[in-house]
Amino acid sequence: VFDGVTLDRWARTTVAAFPGSDALPSDCFWAMVSLVFNRGACFGTPGQASWDSRAEMRLIRDTVAAGRDRWLRVPTFFAMQTRLWNDGRPTEWNLPGRRLVEGSRFRAGLRDAGIGGDQPITLGDTGKRVGEMQSALSDHGVKVGCDGRFGRGTMIALWGWQRSAGLPANGWADQETRARLGL
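## Quick word on the overall build of the protein chain
Phase 1: Regarding its fold elements, the protein chain presents nine helices and zero strands.
Phase 2: For 183 residues, the compact-globule estimate of 2.2 N^0.38 gives 16 Å, and the protein chain sits close to it at 17 Å.
Phase 3: Within the protein chain, buried positions represent 45% of all 183 residues.
Phase 4: Long-range pairs, those at least 24 residues apart, make up 49% of the contacts in the protein chain with a sequence separation of at least 6.
Phase 5: Roughly 9100 Å² of accessible area belongs to the protein chain as shown, and the carbon and sulfur atoms make up 51% of that amount.
Phase 6: In the protein chain, 24 side chains carry a positive charge and 19 a negative one; their mean positions are 3 Å apart.

This is the structure in structure tokens:
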């Protein structure tokens, strides 16, 4: 779908619409490009329907522009966009799933760049922390594989449990989610 011309165009659009995005770690920047490619670079018009549907886009713009110490908030704003589409459980191919994957990619980019402290367990993570979370989900009655790999199945299982537990359904195990799971 993408070629060099298309990627360059959307990268330039992202930089123009989101001041400071050119300073983001690479994976974070490309998650932003994906968002702009899929949702556009507009932020809504006060008093019109677009204003509410673009609230998270404005939050992302303002948070990226505020600088590095605020970037850890951005993945939450990606996830908050899932409210716009009520088409069931997220998958990587539907709109809520795309926003969750982009948010996870942004969070992983921050982690890989050494930005942030207590990082949540998120899509693409592997190891003991993931296995412990999967086991805790299983203890809470969620059908999930306990293989220590945080893939799409784990993300969907966690998202569903978060919804049923009254937590923000973002598909990653942040501090609040881990506490509710007993981790």
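## Some words on the pattern of salt bridges
Phase 1: One pass over the structure, following the stated rule, counts seven salt bridges.
Phase 2: With a shortest N-O distance of 2.9 Å, Arg61 and Asp62 are connected by a salt bridge.
Phase 3: Looking at Asp62, the relative accessible area reads 43%, which means it is partly exposed.

## Some remarks on the side chain of Arg58
Phase 1: Within the element layout of this structure, Arg58 appears in helix H4 (residues 55-66).
Phase 2: Beyond its immediate chain neighbours, meaning those up to four positions away, Arg58 contacts Phe43, Gly44 and Trp51.

## Concerning the nonpolar core
Phase 1: Counting residues in hydrophobic clusters, the biggest one holds 23 residues, and the most contacted among them are Phe18, Leu24, Met32, Ile60 and Phe106.
Phase 2: Residue contributions to this core peak at seven residues, all from helix H2 (residues 26-39).
Phase 3: Look past the residues within four positions of Met32 in its chain and what remains in contact with it is Thr14, Phe18, Leu24, Ile60, Val64, Phe78 and Phe106.
Phase 4: One finds Leu123, Val144, Phe150 and Leu181 within the second-largest nonpolar core, a separate group that totals 22 residues.

## Quick notes on the environment of Gly124
Phase 1: Within the secondary structure, Gly124 is located in the loop between helix H6 (95-112) and helix H7 (128-139).
Phase 2: Using a relative accessible area of 54% as the deciding quantity, one classes Gly124 as exposed.
Phase 3: Considering only alpha carbons, one finds Gly124 and Ala23, 101 residues apart in sequence, at a separation of 23 Å.

## A look at the packing of aromatic side chains
Phase 1: Taken as a whole and judged by the stated rule, the model has four aromatic pairs.
Phase 2: Arranged with centres 5.5 Å apart and planes meeting at 90°, the rings of Trp10 and Phe37 form a pair that is edge-to-face. Taken as a pair, Trp10 in helix H1 (residues 4-17) and Phe37 in helix H2 lie far apart in primary sequence, 27 residues in all.
Phase 3: Residue classification places Phe37 among the partly exposed residues on the basis of a relative accessible area of 32%.
Phase 4: Relative to Trp30, the ring of Phe29 has its centre 5.1 Å away and its plane inclined at 75°; by these criteria the two rings are edge-to-face.
Phase 5: You can call Trp30 partly exposed: its relative accessible area is 39%.
Phase 6: In this arrangement the basic side chain of Arg58 is found over the ring face of Trp51, its NZ or CZ atom lying 3.5 Å from the centre.

What counts, and at which threshold
Residue indices follow the written sequence of each chain, beginning from 1 at its first position. The predicted nature of this model means local features are confined to residues of pLDDT at least 70 and side-chain atom pairs, given and counted, to a pLDDT of 80 or more, with totals for whole chains, interfaces and linings taken over all residues. Only heavy atoms go into the side-chain values, all of them from the structure, while hydrogens and water stay out. Counting from the N terminus, the helices are DSSP H or I runs at least four residues long and the strands are E runs at least two residues long. As defined in this context, the radius of gyration uses C-alpha atoms, and a globule is described by 2.2 Å times the residue total to the power 0.38. Whether a residue is buried, partly exposed or exposed follows from its accessible area with a 1.4 Å probe, protein chains only, as a fraction of its type maximum: under 20%, in between, or over 50%, in that order. Should any heavy atoms of two residues lie within 4.5 Å, those residues are counted as being in contact. Reported accessibility uses the Shrake-Rupley method at a 1.4 Å probe radius. Residues are deemed covered only where the shown protein chains occlude them. For the purpose of counting charges, residues Lys and Arg are taken to be positive, whereas Asp and Glu are taken to be negative. His and the chain ends are not included. The atom standing in for a charge is NZ when the residue is Lys, CZ when it is Arg, CG when it is Asp and CD when it is Glu. Salt bridge, as used here: a side-chain nitrogen of Lys or Arg that lies within 4 Å of a carboxyl oxygen of Asp or Glu. To qualify as a nonpolar core, a set must consist of buried Ala, Val, Leu, Ile, Met, Phe, Trp, Tyr and Cys residues joined through side-chain atoms within 4.5 Å. Put simply, two rings from Phe, Tyr or Trp (the six-membered ring, in Trp's case) pair if the centres are within 6.5 Å, and we call them stacked under 30 degrees between planes, edge-to-face over 60, tilted for the rest. Charge-over-ring contacts are defined here by two conditions on Lys NZ or Arg CZ: a distance within 6 Å of the ring centre and an angle within 35 degrees of the ring normal.

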